[in-house]
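If you want the building blocks of each chain, they are given just below.
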Amino acid sequence: MKFKAMKFVGAIALSCILVLSGCSQAIDSTEKTTEEAKQEKAAVEVIKLATEDWGYPSPFTHYSRGPGIYKMQMIFDSLLERDENGLIPWMAKSYEVSEDGLEYKFFMNEGMKWHDGEDVTVDDIKFSFEYFAKYPPVSNGVMMNGKEFIKEIKLEDDNAVTFVLEQKSAVALDTIGKVRIIPKHIWGNVTDPNTFTAPEATIGCGPYKLTNYNMEQATYEFTAFEDYYGPKQRVMKVQFAPVSDSVLAFENQEIDMVSVGTDLLDRYKADENFTVVENPAFWGYKMVFNIEKIPALKQADVRKAVAHAIDVNELIDKVERGAAKPGSSGYLPPDHIWYNSDVPKYDFDIEKSKELLGENTLGFELLIGNSSNEIKLAELMKISLEKAGIKIDIKPADTKTRDAAVKNGDFQVAIIGHGGWGADANMLKTSFFSSAKGGSGSVATNVIQRYENEDIKALADMQSKELDEQKRKEMVFELQKMIGEDLPMLPIYYTSGYTVYNKTKYDGWMNMFDHHSLEHSKLSYLER
């Protein structure tokens with residue numbers, strides 16, 4: 001088998017370098033003095049951040065949304081990691097791909113240790129993939145489109161692992177690279193991982209150990225692992241705890257980072273001690289239609305009638321104070337590297353909505369989360385929808401209840417807010433036909449109930465197997481047009497917003513190339 005060595009700057013990474021809108025931009029552009037540069041490299045004892053309870057951070061017990069996933073990833077490493085530009089070496093120091101695209105060979109770093117002092121071996125790598133195939137984790141799974149895609153895992157020596165695929169895939173590297181590695185000597189005898197919450201369940205080989213978790217108080221503490229093989233930690237402890245008012249907590253130095261709206265920007269931009277970062281718009285709200293529960297929504301014109309009856313600009317102004325971008329009917333947001341702006345537009349137009357609705361009578365229960373933003377969003381939607389003759393009843397629920405209802409199909413129409421919109425364009429496959437399953441339990445995927453479009457399905461499948469970057473990009477652009485024309489799901493808007501931190505305390509923050517949150521990247525806490 002012929003292999004070719006691969007560089008770690010791929011298509012997504014290069015595009016992120018070229019398309020600045022997809023990367024976070026610091027508004028504060030003051031040149032760092034020599035003293036500031038020294039301070040930036042200095043270790044910080046504790047960073048404190050706001051949180052809710054996102055579950056016990058093992059691969060099987062954390063909650064399926066971003067804050068839960070990324071807390072787990074502080075503890076558990078993977079073969080590859082993500083920085084601002086793309087995939088980078090992590091547990092694997094390099095890799096090769098066979099010319100036929102069916103074999104991926106990873107060469108591992110030496111001297112890796114588990115948090116309990118045991119050596120990390122290639123057997124642990126193989127075991128992790130086989131264990132996750134039998135017991136799927138909450139996120140970063142080993143399935144592709146609901147099926148195992150790895151035919152064989154070969155251990156050729158003490159330092160290399162080769163994955164042989166069933167068929168070539170454009171997303172194989174990303175999928176293999178992000179799987180979290182767990183210790184065989186701990187998990188080998190665990191047959192019910194979803195209930196395994198002993199302290200050993202959070203022994204990983206990542207840069208931080210879990211030193212405190214309190215579900216009732218929703219607190220977490222992660223402490224630097226002294227024998228970490230990778231970059232040295234710049235933050236010795238990362239502590240998470242709930243706060244009632246995040247801006248006030250930031251002002252009182254109870255937390256070290258805060259998200260703010262446009263109304264507070266001038267306040268922080270005027271102070272040279274603060275850095276203000278505009279977040280990429282990779283978190284957003286979408287309206288999900290359950291066409292099995294509301295048969296009228298099987299008609300594309302009825303779905304389009306709903307879209308025309310929603311004043312998205314009003315929602316952005318009144319709910320997000322202008323810090324958001326209108327949803328694209330093609331699903332991928334404007335900050336995505338493969339965003340196609342040439343998709344159908346459904347501007348606010350009550351008369352057009354009535355025309356498309358025709359003789360149909362439409363009413364539905366709108367399931368939402370119980371946050372103040374979602375309630376306000378739904379109330380504004382209700383007013384404009386009813387002007388078009390579309391009657392809705394708003395049903396708020398806590399986030400976990402709403403998410404479970406959507407995943408189980410126990411809803412009529414729902415509003416879902418989530419991140420992940422900057423991920424690989426293969427999300428168009430996992431989200432837009434019901435037979436495709438992603439590798440995650442997240443509400444970001446697999447939420448269109450009984451929707452099938454054979455043309456979309458065929459092109460989505462084709463792009464997922466195309467290894468030529470330009471050809472695949474052309475397919476993805478066409479796929480966005482097709483999705484926009486049929487409108488099986490309605491992206492409402494993508495939030496941008498701003499994050500503020502005190503650079504005199506710590507200035508190591510960074511965004512991953514496909515993600516919107518500085519605190520979610522473990523690289524934010526490490527030397528770089």
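Residues numbered from 1 in each chain as written. Predicted model: local features only at pLDDT ≥ 70, side-chain atom pairs only at ≥ 80, totals over all residues. Heavy atoms only, no water.

Here's the deal with the nonpolar core
Counting 78 residues, the largest nonpolar core has Leu79, Met91, Phe106, Phe129, Phe163 and Trp187 as the members making the most contacts within it. The greatest single-element share of this core, amounting to 6 residues, is contributed by helix 4 (residues 122-134). If near-sequence neighbours (up to four positions away) are discounted, Phe106 is found in contact with Leu79, Leu80, Ala92, Ser94, Tyr95, Asn159, Ala160, Val161, Phe163, Leu173 and Ile176. Grouped together as the second largest cluster of nonpolar side chains are 60 residues, Ala296, Met475, Val476 and Ile492 included. (Core = buried A, V, L, I, M, F, W, Y, C linked by side-chain atoms within 4.5 Å. Buried < 20%, exposed > 50% of the residue type's maximum accessible area, 1.4 Å probe, protein only. Helix = DSSP H or I, 4+ residues; strand = E, 2+ residues; numbered from the N terminus. Contact = heavy atoms within 4.5 Å.)

Focus: the pattern of salt bridges
Across all of its chains, the model carries 27 salt bridges by this definition. Two residues, Asp514 and Arg82, come together in a salt bridge whose shortest N-O distance is 2.8 Å. In this pair, Asp514 sits in the segment after strand 23 (498-502) while Arg82 sits in strand 4 (residues 80-82), placing the two residues 432 residues apart along the sequence. Classification of Arg82 as buried rests on a relative accessible area of 16%. (Salt bridge = Lys/Arg side-chain N within 4 Å of Asp/Glu carboxyl O.)

Structural notes on the pairing of strand 21 (residues 413-418)
The buried count for strand 21 comes to 6 of 6 residues, which makes it a mostly enclosed element. Burial of strand 21 is two-sided: the residues Val413, Ile415 and Gly417 facing one way and the residues Ala414, Ile416 and His418 facing the other way are all buried. One ladder, built from 6 bridges, connects strand 17 (residues 283-289) with strand 21; its direction is antiparallel. The residue bridging Lys286 from the neighbouring strand is Ile416, located in strand 21. (Pairing = 2+ DSSP bridges.)

Quick look at the packing of helix 10 (residues 312-319) against helix 12 (residues 372-387)
Think of two packed helices as two axes; the pair is described by the angle between the axes and how far apart they sit. Where helix 10 meets helix 12, the axes come as close as 10 Å, and the angle between the chain directions of the two elements is 145°. By crossing handedness, the relation of helix 10 to helix 12 is classed as right-handed. Within the contact between the two elements, helix 10 uses Glu314, Leu315, Lys318 and Val319 and helix 12 uses Asn373, Lys376, Leu377, Leu380 and Met381. Considering only residue class, the contact of helix 10 with helix 12 consists of 5 nonpolar, 1 polar and 3 charged. (Axes fitted to C-alpha atoms, helices over the stretch in contact; angles between N-to-C directions. Left-handed = near helix turned anticlockwise from the far one by under 90°. Nonpolar A, V, L, I, M, F, W, Y, C, P; charged D, E, K, R; others polar.)

Considering the environment of Lys48
Structurally, the position occupied by Lys48 is in strand 3 (residues 44-50). Judged by its relative accessible area of 39%, Lys48 is partly exposed. On a C-alpha basis, the gap between Lys48 and Ile255 in space is 4.8 Å, while along the polypeptide they are 207 residues apart. When neighbours within four sequence positions are excluded, Lys48 is seen to be in contact with Gln239, Glu254, Ile255, Asp256 and Met257.

A short note on the sheet that holds strand 19 (residues 363-369)
In spatial order, the strands read 18-22-17-21-19-20; together these 6 strands make up an open sheet with mixed pairing. At either end of the open sheet lies a strand with only one pairing partner, and these are strand 18 (324-326) and strand 20 (391-397). Looking at each pair of strands side by side, their axes are set apart by 25° on average, direction ignored. By the bridge criterion, 7 bridges tie strand 19 to strand 20 in an arrangement that is parallel.

Some words on the packing of aromatic side chains
In this structure the tally under the stated criterion is 28 aromatic pairs. A ring pair is formed by Trp283 and Tyr285, whose centres lie 5.1 Å apart and whose planes are at 90°; its orientation type is edge-to-face. Judged by relative accessible area, Trp283 falls into the partly exposed class, the value being 24%. Given a relative accessible area of 5%, Tyr285 falls into the buried group. One aromatic cluster is present, built from ring pairs that chain together Phe60, Phe127, Tyr131, Phe132, Tyr135, Trp187 and Phe196. Stacked on the ring of Phe240, the Lys or Arg Lys71 has its end atom at 4.2 Å from the ring centre. Positioned over the ring face of Tyr63 is Lys400, at 5.3 Å from the centre of the ring. (Phe/Tyr/Trp six-rings, centres within 6.5 Å; stacked < 30°, edge-to-face > 60°. Lys NZ or Arg CZ within 6 Å of the ring centre and 35° of its normal.)

Fair warning: the whole summary comes from geometry, so function is off the table for now.
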